[in-house]
Amino acid sequence: MENNRLAKSRWYRLIPIVFITYSLAYLDRANYGFGAAGGMAEDLHITEEVSSLIGALFFLGYFFFQIPGAHYAEKRSAKKLIFWTLILWGLCASATGFLTDVKALLVIRFVLGVAESVVMPAMLVFLCHWFTKEERSRANTFLILGNPVTVLWMSVVSGYLVDVFNWRWMFILEGLPAVIWAFVWEKLVDDKPEMAKWLTKEEKAGISRALEQEQQTVQPAKNYWEAFKSKNVILLSLQYFCWSIGVYGFVLWLPSILKSASKMGIVATGWLSSVPYLLAVILMLVVSYYSDRLMKRKVFVWPLLLIGALAFSGSYLLGNSDFWLSYVLLVIAGGTMYAPYGPFFAIVPEILPRNVAGGAMALINSMGALGSFVGSYVVGYLNGATGSPNASYIFMAAALLLSVVLTLAVSKKEEKHER
């Protein structure tokens, strides 16, 4: 295959940079759970209801600029867009450590969401400019691996930072790397292969030719609206909404759930919180490899989400009777919810042309942001209102089951890569 002859330097030159950039974005959105569990709620007099709103407000801001971000990345420059947002979200994240007022915290979380809203669609567009469809599931996976890998080490490091210093220094120290990294990003990446000085003329031509050839097999779409009306895009948007309810209800509140159930300190809670993301990393790599090798997508999405739903249901049935067995099920739920990301985001560029694929992925990610808002708010509310995570377990299980049904409803006729 011609793809085997394309420049391998793309992988070791671009993928580490992409991975680190998205890792920093995820660090600054996910550490709120540790701040809340580590004394922020007491110091700022945050009630359970307000804490749920603060945790969820990030995703409301995250919703608004997905499609404009993807459009700018496709028509102008993903490189410039991500450079400025790195600086903005890093400053917002560090500013959280200086706050003394809940209202200011609400504003900061919303602005942080706005700043980070363009990163995912811009990165997906960026990768579409560099990697072919036979490579895209793996490329997407290395991007999104920044999510579980970051939460893995952040869970441990944040626990120590809160324990040794306090929650304020945790936010300050974890926000600054994004600002510094912005200048590394600007120096090292290029928007498209033809701009890269580190590729030969033959390598540039080979990549461009391969990307153009795959566009000839995709049904054309005149504009975003035509793409947005596609049955598959609508189904995938609804699917990602439900899926994200489970993911972010889990990510944001896992430290608080474990700390309350285990009666352990913040450092031990950090170690326990990291394990699901270790499993997630392993599963994501395995799933993306076989998805690209077999050129199948759906079959590597819905079965894993079904396992996650069953694991949440098991935790619900166990209740408070067996903490460690319930914890094992939570580890499984966390790992299987993350595993399908690479194949999932490989679907859209394979059924839509380049001029609208970025916008469609942004629409899907926007719906994921709304699902994340619902998941983080409702899970936090249920935990506080009931004094137990049991109700939130069944809520997340139901959301994942619905996402399984919607994945299965995606049309094979439109999904050309599944034959």
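Placed above this text is the structure.
The structure reproduced in this document is the subject of the present report. What you see is a predicted model, and the numbers here were worked out from it, not measured in a lab.

Another point: the overall build of the protein. In terms of regular secondary structure, the protein is built from 18 helices and zero strands. For 419 residues, the compact-globule formula gives about 22 Å, and the C-alpha radius of gyration of the protein, at 21 Å, lands near that figure. Classification of the 419 residues of the protein by burial places 61% in the buried group. Counting contacts in the protein only where the partners sit at least 6 residues apart, residues at least 24 apart contribute 85% of the total. Carbon and sulfur atoms make up 67% of the accessible area of the protein, which amounts to about 16400 Å² in all. Positive and negative side-chain charges in the protein, numbering 35 and 28 respectively, have mean positions lying 7 Å apart.

The next subject is the side chain of Ser117. Residue placement: Ser117 occurs in the loop between helix H5 (102-116) and helix H6 (119-128). When its relative accessible area of 0% is taken as the criterion, Ser117 is described as buried. If sequence neighbours within four positions are ignored, Ser117 has contacts with Gly61, Tyr62, Phe65 and Gln66.

Mapped onto the elements of the fold, Met337 is located in helix H15 (residues 323-338). Sequence spacing of Met337 and Ala122 is 215 residues, and the spatial spacing of their C-alpha atoms is 23 Å. Beyond its immediate sequence surroundings of up to four residues, Met337 is in contact with Trp243, Gly246, Val247, Phe250, Leu305, Phe312 and Leu400.

Okay, the packing of H6 against helix H7 (residues 133-144) next. Contact geometry for H6 and H7: axes closest at 10 Å, N-to-C directions at 145°. Seen along the crossing, H6 lies across H7 with a hand that is right-handed. Facing Met120, Met123, Leu124, Leu127 and Cys128 of H6, the residues of H7 in contact are Arg136, Ala139, Asn140, Leu143 and Ile144. Considering only residue class, the contact of H6 with H7 consists of eight nonpolar, one polar and one charged.

Over its twelve residues, helix H2 (residues 32-43) extends only 14 Å from the first C-alpha to the last, a length that falls short of the 16 Å expected when each residue adds 1.5 Å. Following H2 by one or two positions, His45 adopts a phi angle in the positive range, close to 55°.

Glancing now at the pattern of salt bridges. On inspection of all chains with the given rule, the structure shows three salt bridges. Among the salt bridges present, the one from Glu135 reaches Arg10, with a minimum N-O distance of 2.7 Å. Separated by 125 residues along the polypeptide, Glu135 in helix H7 and Arg10 in helix H1 (residues 9-30) bring together distant segments of the chain. In this pair, the class of Glu135 matches that of Arg10, namely buried. Between Arg138 and Asp292 there is a salt bridge; the shortest N-O distance is 2.8 Å. On the criterion of sequence distance, the pair formed by Arg138 in helix H7 and Asp292 in helix H13 (residues 266-294) is long-range, its members being 154 residues apart. Judged by its relative accessible area of 27%, Arg138 falls in the partly exposed class. Residue Asp292 is classed as buried on the basis of its relative accessible area, which comes to 6%. Taken together, the shared-partner salt bridges connect Arg138, Asp292 and Arg297 into one network.

On to the side chain of Thr85, then. Its location among the elements puts Thr85 in helix H4 (residues 66-95). What makes Thr85 buried here is its relative accessible area of 10%. Those residues in contact with Thr85, other than ones at most four positions away along the chain, are Ala115, Val118 and Val119.

Conventions we followed
Residues numbered from 1 in each chain as written. Predicted model: local features only at pLDDT ≥ 70, side-chain atom pairs only at ≥ 80, totals over all residues. Heavy atoms only, no water. Helix = DSSP H or I, 4+ residues; strand = E, 2+ residues; numbered from the N terminus. Rg over C-alpha atoms; globule rule 2.2 N^0.38 Å. Buried < 20%, exposed > 50% of the residue type's maximum accessible area, 1.4 Å probe, protein only. Contact = heavy atoms within 4.5 Å. Areas by Shrake-Rupley, 256 points an atom, 1.4 Å probe, with all protein chains shown as cover. Lys, Arg positive; Asp, Glu negative; His and termini not counted. Charge placed at Lys NZ, Arg CZ, Asp CG, Glu CD. Axes fitted to C-alpha atoms, helices over the stretch in contact; angles between N-to-C directions. Left-handed = near helix turned anticlockwise from the far one by under 90°. Nonpolar A, V, L, I, M, F, W, Y, C, P; charged D, E, K, R; others polar. Expected span 1.5 Å × (residues − 1). Salt bridge = Lys/Arg side-chain N within 4 Å of Asp/Glu carboxyl O.

Nothing here speaks to function; it is geometry throughout.
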